[in-house]
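# Coordinate analysis (summary)
What follows is each chain in one-letter form.
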Amino acid sequence: MTMHVSVVIGTYNRAHLLKGTLEALGLQVVPHSLTWEMVVVDNNSRDTTAQVVAAFSKTTATPVRYVFEPKLGVSHARNRGIKDARVHRR
């Protein structure tokens, strides 16, 4: 049985913490039957969030996507991440 998972990370002006979060997720060892991705939702940050995601995505085999959500609020970020998640679609 194959499992599909999207890890949605909403962030707002926390680029300095985001790098460590992505690195920790990237170190996860998962079964071969698991297909997963990271979806980073930038909730209108004014820092280097986009650059952190771009740099990290070049260092990992796990798919990492950057999504921009201009409407502030954690619920908007989460909903945008769910909407843009790829592995849940068939």
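Time to look at the pairing of strand β3 (residues 64-68). As judged from the five bridges shared by strand β2 (residues 34-42) and β3, these two strands associate in the parallel manner. Its bridge partner lying in β3, Val39 is registered against Arg65. Remark: the β2/helix α2 (residues 49-57)/β3 crossover connection has right-handed handedness.

The backbone of Asn13 shows a phi angle near 50°, a positive value even though the residue is not glycine. With respect to the helices, strands and loops of the structure, Asn13 is situated in the loop between β1 (3-11) and α1 (15-26). The backbone of Asn44 shows a phi angle near 70°, a positive value even though the residue is not glycine. With respect to the helices and strands, the residue Asn44 is situated in the loop between β2 and α2.

A few words now on the confidence of the model for the chain. Should pLDDT be low for a region, the predicted coordinates there are not to be read in detail. Within the chain, residue pLDDT values average 93, and 96% of them lie at 70 or more. Mean pLDDT across the elements of the chain ranges from a minimum in β1, with 93, to a maximum in α2, with 98.

This paragraph deals with the nonpolar core. If you look at the biggest cluster of nonpolar residues, it comprises 13 residues, and the most contacted ones within it are Ile9, Leu18, Leu22, Met38, Val40, Val53 and Val64. Of all elements in the fold, only α1, β2 and α2 reach the threshold of two or more residues within this core. Residues in contact with Leu22, not counting those within four places in the same chain, are Ile9, Met38, Val40, Val52, Val53 and Phe56.

Quick notes on the rules
Residues numbered from 1 in each chain as written. Predicted model: local features only at pLDDT ≥ 70, side-chain atom pairs only at ≥ 80, totals over all residues. Heavy atoms only, no water. Pairing = 2+ DSSP bridges. Helix = DSSP H or I, 4+ residues; strand = E, 2+ residues; numbered from the N terminus. Right-handed = clockwise from strand over helix to strand, strands pointing away. pLDDT = per-residue confidence, 0-100. Core = buried A, V, L, I, M, F, W, Y, C linked by side-chain atoms within 4.5 Å. Buried < 20%, exposed > 50% of the residue type's maximum accessible area, 1.4 Å probe, protein only. Contact = heavy atoms within 4.5 Å.

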